[in-house]
Amino acid sequence: MAQVNAAREILRRLHDVMAGKAAAQVKLNQVVKLVAAELGSEVASIYLLRDGVLELFATQGLAQSAVHVTRLSMGQGLVGNIAARREPLALAEAKAHPDFAYRPETGEDDFHSFCGVPILRREAAIGVLAVQHREPRNYAEVEIEALQTVGMVLSELIHGAGLVDDAQAARMRAANSGPTRLNGLKLVDGLARGVAVFHQPRVVVEHTVADDVDAERVRLVDAFARMRTQIDDMMGRSEFVAGTDHHEILETYKMFAYDEGWARRINEAIETGLTAEAAVERVQSRNRLRMRSIDDPYLKERLTDLDDLANRLLRILSGQLGTAAQMGITGDAILIARNLGPAELLEYDKRHLKGVVLEEGSLTAHVIIVARAMGVPVLGRVDQLFANVNDGDELIVDAGNNALLIRPTAATIKSYQAMRALKARQAEQWAKVRDLPAISKDGRQITLYMNAGLLDDAVAIPLAGADGIGLFRTEFQFLVSATLPRRERQQSLYRGVLEAAGDKPVVFRTVDIGGDKAVPYIDGDEEDENPAMGWRALRLALGRSGLMKVQARALLEAAAGRALNVMFPMVSEPWEFAEARALMEQQRERLARSGRPVPSEIHYGAMIEVPALIEQLDVLLPMTDFVSIGTNDLTQFLFAADRANPRLADRYDWLSPAILRVIRRVVCAAALHDVPVTVCGEMGGRPLEALALIALGVERLSITPAGIGPIKAMIRSATLEPLSDSMQDWLAQPGVNIRAELSTAAKRQGLSF
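Residues numbered from 1 in each chain as written. Predicted model: local features only at pLDDT ≥ 70, side-chain atom pairs only at ≥ 80, totals over all residues. Heavy atoms only, no water.

J.: Help me understand the sheet that holds strand E13 (residues 394-398), please; the structure alone is not making it clear to me.
T.: Two pairing modes exist for strands in a sheet, parallel and antiparallel, and in both the strands are linked by backbone hydrogen bonds. If you walk across this open sheet you meet the eight strands as E7-E14-E13-E9-E10-E11-E12-E8, and the pairing is mixed. Strand pairing shows two members of the sheet lacking a second neighbour, strand E7 (180-183) and strand E8 (185-188), which therefore form its edges. Averaged over all neighbouring strand pairs, the angle between strand axes comes to 30°, with direction disregarded. One ladder, built from three bridges, connects E8 with strand E12 (residues 378-380); its direction is antiparallel. In the sheet register, Val188 faces E12, and the bridge partner there is Val378. (Pairing = 2+ DSSP bridges. Helix = DSSP H or I, 4+ residues; strand = E, 2+ residues; numbered from the N terminus. Axes fitted to C-alpha atoms, helices over the stretch in contact; angles between N-to-C directions.)

Structure (C-alpha cells):
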C-alpha cells in the first residue's frame, strides 16, 4: 500500500507540474528534481530525440553545462540503447556494460548504478528518462515501473509542448519513401501482393493522470465486460463451434480474458493515479518486456494473447472503431501488426487477406496454426517494420525467401507477376495429375502421403491428391490448450480426422511435446540447455505414463472398428518402442475386457530421427510394422547443426553423401525385414531431394499438401531405374558432388525444378 501511495504522490505532483503555466524547459527541470527526490537518486535526466539525435534536455545531478550539449545517436551508449530497443535497462554497474559511452562534460564519473526507460509515443521512442546512483545497487521492479509511469506522463507533456512532435516522425517516414527490402522469418510459406493495412490504429493514450480513480475503476469494469461479450459472441459463430481446432484455440484465448490476475494488475495501476487507458498500457508494456526475455515458446504465446487482449481493451476504453477487420477491407491487403492473436486473424475476410507481416511472431504461435489452416502466408520477426511501412504502401510478401518488398519497383512487380503466372501454370499442370497415381515412366509407383496437424488438413486430402496422411502431428491440440486435453477432446479430434480421411490411411504420431515445445501443465525437472535433444517426445511420454495412457485410450476409442496406425516419435532405443507398444496393447486389452469396441487392427511404427537408433535396426525392425525417417531432426542431429540458426543453415546439404548413405542404410535394412519405410520432413517435399530419395529405394513420402502436386508431376515424368544405378555409383566414389550430378541427370530427362 505504501508503494501505491508513493506512486500516486508522484503522479499528483507531476500533474501539478503539467498543469502549471511555466515554459516547457522549466517543467522538465521540475520533473527531474521531482524524480530524483521521490526515488532517492543522486541523478535524474531527460534526453529527447531532436533531428535523429538524443539530446540531454534536463538533469538533476549532472553538470548543468552539459544540457543541450551532450548528444547521443540512436543505439549509442546506454541511453541510445534504451531508445533503439524501446526497453528499460537497469544496471548495478553501468560502466561494465558494453554499450557504456563516457561523456566527460556530464561529470558522471562518481556514479555506478543506472536505470533508464524509454519515453514512447505512437510506439516510437521520443526520449529517455534515466536515474543514477553513486553506489552499485539493483533496481527493484517497482522502481522501474515508477519510471515507466513518469515516462508515460512525460510523453504527454513533451507532445503538448511541441518539443518532439509528430511532424518529426513524418519527416523520418518520408525518408523511407523508396523501394525497400526487409528480412524476416518464414512462419507460413507463400507469395502474396497487396497494399499495407495496419491491423489496428495505435491507441495513443493522451491523458495518463486520473481525475477520479473511482470513475476509472468503473470504466475498466465496463470495458472488461464488453470485451468478454465480444469474445463470447465470436465463439458462438458457426465456424468456431465446439470440436473444431479454432474453438480450442479460442477457449485458451477466452481464459485470459477472464483472468483475475491480469485485471487485478490493471486495477493496481489505476490505484496509483493512472487513467484506465494508461493503466492498461503500463501493464501491457510490462508484459511485452517479459515476452522479449522469455525463451519458453508456450509462455511467449500466452503473453502474446494478453497483448492482443490489451489492445482490444484499449480500443474499447478509447472509443475507437476497432481493427481493420471490423472496419472492413475491400481490396487485396497485406496485414501489418506487431503481433496478432488467433481471434483477430479469424475476423478477416479470407477473400481479401493475402498475407500477414509481423514485427514479432513465432513458429509456435496460435495465430500461425490458424494462418496455415487459412492458407495465408506469414512473415515474422521483421525488424523496423513500422518505421519503414506506411499505410497504403504496395507490398510483396515472399515468405519462402524470408523477404518483405516495400514499394517495389515496376521491374520487381513484373517479376512477381511472372512468378505468379508460372505458379498458376504449374498449378494447372498439377491439377491434371492430381487424381492420377504417382507412377514413373518405367512403372515404379510411389505413395505420396501428406503431413497434417489440424482437422482442416484431413478434409483437404482429396484437394491435395494425397494417398492419405503419413504424419498427423497430435501435439497441436496439446500446445494450444492451457490444461492437459481431456480424453474426450482428443478422441473427438482423432475420430474427426479418421472420418474426414474416409478410406485413406492416417498415421497418428503420438504427442511430441517438451523441450522446445513446452506446455505449462508439465513441468520439467530442470531447464534443458538444448531443448531439441532434451526431455521431450517419447522420453517425456514414457516418463509421464498417465499422459500417454490417456492419448492411447483416445486413439483406440476413436478408431473403434477401423485400422489404427500409431507412430512413436524420437525413439532412441528399441526398448522405448517396445515399452510404448506394450502400453498401447495394455489399453486395448483393457477396453476389450470391458466390452468396449476396439480397432480392427493396429500397426505400430517408429520415427527414425536419432542416429543411435540406426545402430540397432536389427533389434528394432522385427518389432515394427513400419518406420518413418524424420529427415528434419535426423539431419540436425547427424550434422550437429541447428537448422533454426541462420549461421548454420547452409553448413550441410540434404544431398551430401553422409545423409544419403544413412538413409540408404535404413532402406536396405528395412527391406531385409519387409518393413515399409516412409520419409517425412522437408527433404521429401523438394523435387530434386525427393528424386534422390526415390533413387535410394524410398517408395513412400509424407510431405506438405502443397508439395504433392510438383512431386507427383516429377515422378510421372521420370525414368527412375538409371537414376538408381547412378546413385549407387556416386555414393561409392569419394568427392562426388551429388547435387550437381543429379541435377544434370534430371535435365537430361527433361525434368525441371
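After that view of the structure, there is still more to cover.
J.: Got a minute to help me understand the pairing of strand E1 (residues 43-50) in this structure?
T.: Side-chain positions along a regular strand alternate between the two faces of the sheet. A large share of E1 lies buried, amounting to seven of its eight residues. Pairing analysis gives six bridges linking E1 to strand E6 (residues 124-133), with the strands arranged antiparallel. In the strand pairing of E6, Val43 is matched with Gln132. Relative to strand E2 (residues 53-60), E1 is paired through seven bridges, and the arrangement is antiparallel. (Buried < 20%, exposed > 50% of the residue type's maximum accessible area, 1.4 Å probe, protein only.)

J.: Explanation requested: the pairing of strand E16 (residues 445-452) in the structure shown.
T.: Within E16, six of the eight residues are buried, which leaves the element mostly enclosed by the surrounding structure. Two elements, strand E15 (residues 438-439) and E16, share two bridges in a ladder whose sense is antiparallel. Bridge pairing links Ile439 to Gln445 in E16. Between the end of E15 and the start of E16, which pair antiparallel, lie five residues, with Gly443 showing a positive phi angle near 85°. With four bridges joining them, E16 and strand E23 (residues 700-703) adopt parallel strand pairing. Each residue of the ladder has a partner; that of Thr447, found in E23, is Arg700. In the sheet, E16 pairs with strand E17 (residues 469-473) via three bridges, with the strands oriented parallel. In the strand pairing of E17, Ala452 is matched with Phe472.

J.: I would appreciate a short explanation of the environment of Ala612 in the present structure.
T.: Looking at the secondary structure, you find Ala612 in helix H23 (residues 611-614). Measuring from C-alpha to C-alpha, the distance between Ala612 and Ser572 comes to 6.2 Å, with 40 residues separating the pair along the chain.

J.: Could you clarify how one ought to interpret the pattern of salt bridges in this entry?
T.: Oppositely charged side chains can pair when the atoms bearing their charge come close. Following the criterion strictly, the structure yields 26 salt bridges and no others. In this structure, Asp214 and Arg217 form a salt bridge, with 2.1 Å as the shortest nitrogen-oxygen distance. With Asp214 and Arg217 both in helix H6 (residues 213-235), this residue pair falls three residues apart, about one helical turn. Note that Arg596 is salt-bridged to Glu557, the shortest N-O span being 3.5 Å. Taken together, the residues Arg596 in the loop between helix H22 (574-593) and strand E20 (601-608) and Glu557 in helix H21 (residues 545-558) connect sequence positions 39 residues apart. Given the relative accessible area of 39%, Arg596 is considered partly exposed. Taken together, the shared-partner salt bridges in this structure form one network comprising Arg86, Arg338, Glu359 and Glu360. (Salt bridge = Lys/Arg side-chain N within 4 Å of Asp/Glu carboxyl O.)

J.: I tried to follow helix H3 (residues 77-85) on my own but got confused; where do I start?
T.: Within H3, seven of the nine residues are buried, leaving the element largely enclosed by the surrounding structure. Three or more residues of H3 are buried, namely Gly77, Leu78, Val79, Gly80, Asn81, Ile82 and Ala83. Residues of H3 that are buried in the fold lie against E1, E2, strand E3 (71-73), strand E4 (89-91), strand E5 (113-121) and E6. Immediately beyond the C-terminal end of H3, within one or two residues, lies Arg86, with a positive phi of roughly 55°. (Contact = heavy atoms within 4.5 Å.)

J.: Even after reading the chapter, I still don't get the sheet that holds E4, so can you show me in this structure?
T.: Within the open sheet, the six strands sit side by side as E3-E2-E1-E6-E5-E4. Their pairing is antiparallel. With one partner strand each, in any of the chains shown, E3 and E4 form the two edges of the open sheet. Adjacent strand axes in the sheet meet at a mean angle of 20°, parallel and antiparallel pairs treated alike. Most of the contacts of H3 go to E5, to which it runs at about 35°, and overall it touches E1, E2, E3, E4, E5 and E6. Here helix H4 (residues 141-161) sits on the sheet and contacts E1, E4, E5 and E6; the angle it forms with E5, its principal contact strand, is near 40°.

J.: Before we go on, may I ask you to explain the packing of aromatic side chains in this structure?
T.: A ring pair, where both rings are aromatic, is described by two values, the distance of the centres and the angle of the planes. This structure, assessed with the given rule, holds five aromatic pairs. Pairing Phe472 with Phe508 gives two aromatic rings, centres 5.6 Å apart and planes at 65°, and the pair type is edge-to-face. Here Phe472, found in strand E17, pairs with Phe508, found in strand E18 (residues 506-509); they are 36 residues apart in sequence, far enough to count as distant. Phe508 shares its class with Phe472; the two are buried. Ring centres of Phe568 and Tyr604 lie 6.3 Å apart, and the angle between their planes is 20°; this geometry places the pair in the stacked category. Of this pair, Phe568 sits in strand E19 (residues 563-568) while Tyr604 sits in strand E20, placing them 36 residues apart in sequence. Taken as a pair, Phe568 and Tyr604 share a single burial class, namely buried. Members of the aromatic cluster, connected to one another through ring pairs, are Phe472, Tyr494 and Phe508. (Phe/Tyr/Trp six-rings, centres within 6.5 Å; stacked < 30°, edge-to-face > 60°.)

J.: Would you mind showing me how to read helix H8 (residues 260-271) here?
T.: Helical geometry: 3.6 residues make up each α-helical turn, so side chains three or four residues apart lie on a common side. When the terminal C-alpha atoms of H8 are compared, their 16 Å separation across 12 residues agrees well with the 16 Å that a helix rising 1.5 Å per residue should span. Along H8, the residues classified as buried are Gly261, Trp262, Ala263, Ile266, Ala269 and Ile270. Following H8 by one or two positions, Gly273 has its phi on the positive side, about 110°. (Expected span 1.5 Å × (residues − 1).)

J.: Help me understand the environment of Ser628, please; the structure alone is not making it clear to me.
T.: Mapped onto the fold, Ser628 is located in strand E21 (residues 626-630). Using a relative accessible area of 1% as the deciding quantity, one classes Ser628 as buried. As a C-alpha pair, Ser628 and Phe568 span 60 residues in sequence and 9.7 Å in three-dimensional space. Among all residues touching Ser628, those that are not within four sequence positions of it are Met567, Ala606, Met607, Ile608, Thr678 and Cys680.

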